[in-house]
Amino acid sequence: MTLAKRIIPCLDVDGGRVVKGVRFQNLVDAGDPVEVARAYDDKGADELVFLDITASSDNRESVADLIQAVASEVFIPLTVGGGVRSGADVRRLLHAGADKIAVNTAALTSPDLINEASYLFGSQCIVVAIDARRVPGSTDDAPKWEVYTHGGRKNTGRDVEDWAREAVARGAGELLVTSMDRDGTKSGFDLRLLQNLHQHVAVPVIASGGVGSLEHLAEGIIEGHADAVLAASIFHFGTFTIREAKEYLVNRGVPVRLEP
Amino acid sequence: MGSIAVIDYGMGNLFSIVKALEHVAVNDSIVLTSDADDLERASHIVLPGVGAIRECMAELKRLDLVKPIRELAPRKPFLGICLGLQAVLGFSDENDGVEALNLIKGRVRLFDQALQDEAGEPIRIPHIGWNQIYPTISHPLWNGINPGAYFYFVHSYYAPDNVEGRAASTVYGLDFSSALTKGTIFAVQFHPEKSHTTGLKFLSNFVHWNPVPQSS
């Protein structure tokens, strides 16, 4: 009788295709989004995250079309992010079949968007995505992280913990936290980052960035207290299946949804 | 062949519930509507919803749907989903307190941050993710749904265990009512349209449900 921990494949979308890069660079094609989504749905993914990493204004309509195509066939929760700038963007994506909308850059440049969208559509569908990087020189004794935007290219100088608290106070229902230091490295989550946020915010946290093994997923949940774990490359390139990941977690005592 | 009316009051993701109903009711027409005449003509009515209760009730009033829903819900199969469950109750604590449709007696409450999970950790709010439901009554809508089946939830407010017509129990910090029923009305806190094959089985049960209307 318990809430299952979620395993969430992340589909980075660029020009209508799923891609995966190392530290947001060197992008490799990983397939057609609808086919990838359907395959994950069949194998028991708990949710799917689509991030439009091109995020230019000229192809935002195509993301709505893509979500509509996926939502017509895939009956699990869909989260969409990338290039979301306004309440109108949020509304359009929800109407296309998205359940949650992730905001990142726009949440920092115009934080009232979080208040507006959570008031209109409910906190439960507003995810604030935070790209965090350790401050150079900060040690494990007193680690510090700063918030990056624009796909990890721009340092805002904001302290991650401080921004996380503000985002939740403004109405974020969930945080999607990516360690820029670990993303694409397959060296595991930044567990200190997750532990730090777990202590300071009361909403669910989705851990992202660095998964290279099934043990990394277990660590994120057990040691990092993450409510959900996000991964891309280990699933896209067939290193592990969702089912294998869930069976591994069950053996580590983590509650997961094994059906269907 | 019938028609299933999905009430459109401009909030949230209605696309998915329409697609899921099309998936399980291939011979029926699915009508996304805010027109009371469509509700009158329909064989089944669905009140979906995400978002906040004050906006929900304000929109239903603005669209002149409160009276038709109150009249029709006790006469034909009616399914409330998520906010739709909270709307069929009498009152919600959300948004400083809002009077709702009062089709079933009960008061919707906010999860308390002091509640703890099995591990003794404070629960996270909202309640987001896959949780287990345990039917508390035998009902046609539970056909093929096992006790402990996982459904997808996303909400911060809940119907307590002592509301009228409890049909299923779920635990999140406390035992709450994840489904309610009274006559032709059924309401669920989870999202069947987002709950994979288990959710589609539940929706299939709903579209094939022919309950006896309540005598008024």
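Look up a bit, the structure's there.
Residues numbered from 1 in each chain as written. Chains lettered and ligands numbered in written order. Predicted model: local features only at pLDDT ≥ 70, side-chain atom pairs only at ≥ 80, totals over all residues. Heavy atoms only, no water.

Turning to the overall build of chain B, a few remarks are in order. A tally of regular secondary structure across chain B gives six helices and 13 strands. In terms of overall size, chain B behaves like a compact globule, its C-alpha atoms giving a radius of gyration of 16 Å where 216 residues would be expected to give roughly 17 Å. Counting only C-alpha atoms, chain B reaches 50 × 40 × 35 Å along its principal axes. Taken across its 216 residues, chain B has 63% of its residues classed as buried. Residue pairs in contact within chain B that sit at least 24 positions apart in sequence constitute 69% of those at least 6 positions apart. Approximately 8000 Å² of chain B is accessible, and the part contributed by carbon and sulfur atoms is 47%. Taking the 17 positively charged and 23 negatively charged side chains of chain B as two groups, their mean positions are separated by 4 Å. (Helix = DSSP H or I, 4+ residues; strand = E, 2+ residues; numbered from the N terminus. Rg over C-alpha atoms; globule rule 2.2 N^0.38 Å. Buried < 20%, exposed > 50% of the residue type's maximum accessible area, 1.4 Å probe, protein only. Contact = heavy atoms within 4.5 Å. Areas by Shrake-Rupley, 256 points an atom, 1.4 Å probe, with all protein chains shown as cover. Lys, Arg positive; Asp, Glu negative; His and termini not counted. Charge placed at Lys NZ, Arg CZ, Asp CG, Glu CD.)

Our focus in this paragraph is the interface of chain A and chain B. Frequently, the measure chosen for interface size is the accessible area that the parts lose on association. With 42 residues of chain A in contact, the opposing surface of chain B contributes 40 residues. At the junction of chain A with chain B, the criterion picks out one salt bridge. Note that Asp99(A) is salt-bridged to Lys194(B), the shortest N-O span being 2.7 Å. In this assembly, chain A and chain B are joined by 14 residue pairs in polar contact (both at pLDDT 80 or more). Those elements that place two or more of their residues in the side of chain A that touches chain B are α1 (33-42), α2 (60-71), α3 (87-95) and α5 (112-121) of chain A. (Salt bridge = Lys/Arg side-chain N within 4 Å of Asp/Glu carboxyl O. Polar contact = N/O pair within 3.5 Å; in protein donor to acceptor, adjacent residues only side chain to side chain.)

All names here are of chain B. The step from Ile125 to Pro126 runs through a cis peptide bond, and the omega angle for that step is 10°. As for its position among the elements, Pro126 is in the loop between β7 (104-110) and β8 (127-135). Even without being a glycine, Asp64 presents a positive backbone phi close to 55°. The topology assignment puts Asp64 in the loop between α3 (53-62) and α4 (66-72). Positive phi is not limited to glycine here, since His196 has a value of about 55°. Examined against the element boundaries, His196 turns out to sit in helix α6 (residues 196-207).

The next point concerns empty space enclosed by the protein. Tallying each qualifying case throughout the model produces three cavities of 30 Å³ or more. Of the voids in this model, the largest cavity is the one considered here, and its volume is about 140 Å³. Lining the largest cavity are 14 residues, and of these Asp99(A), Asn13(B), Val50(B), His191(B) and Glu193(B) sit closest to its centre. Partitioned by chemical class, the residues of the lining of the largest cavity number six nonpolar, four polar and four charged. (1 Å grid on protein atoms, 1.4 Å probe; cavity = no way out; pocket = protein on both sides within 12 Å on 5 of 7 lines; lining within 4 Å. Points joined across faces, edges and corners; volume = space filled by probe spheres on them. Nonpolar A, V, L, I, M, F, W, Y, C, P; charged D, E, K, R; others polar.)

From the geometry alone we can't say anything about function, so treat these as descriptive.
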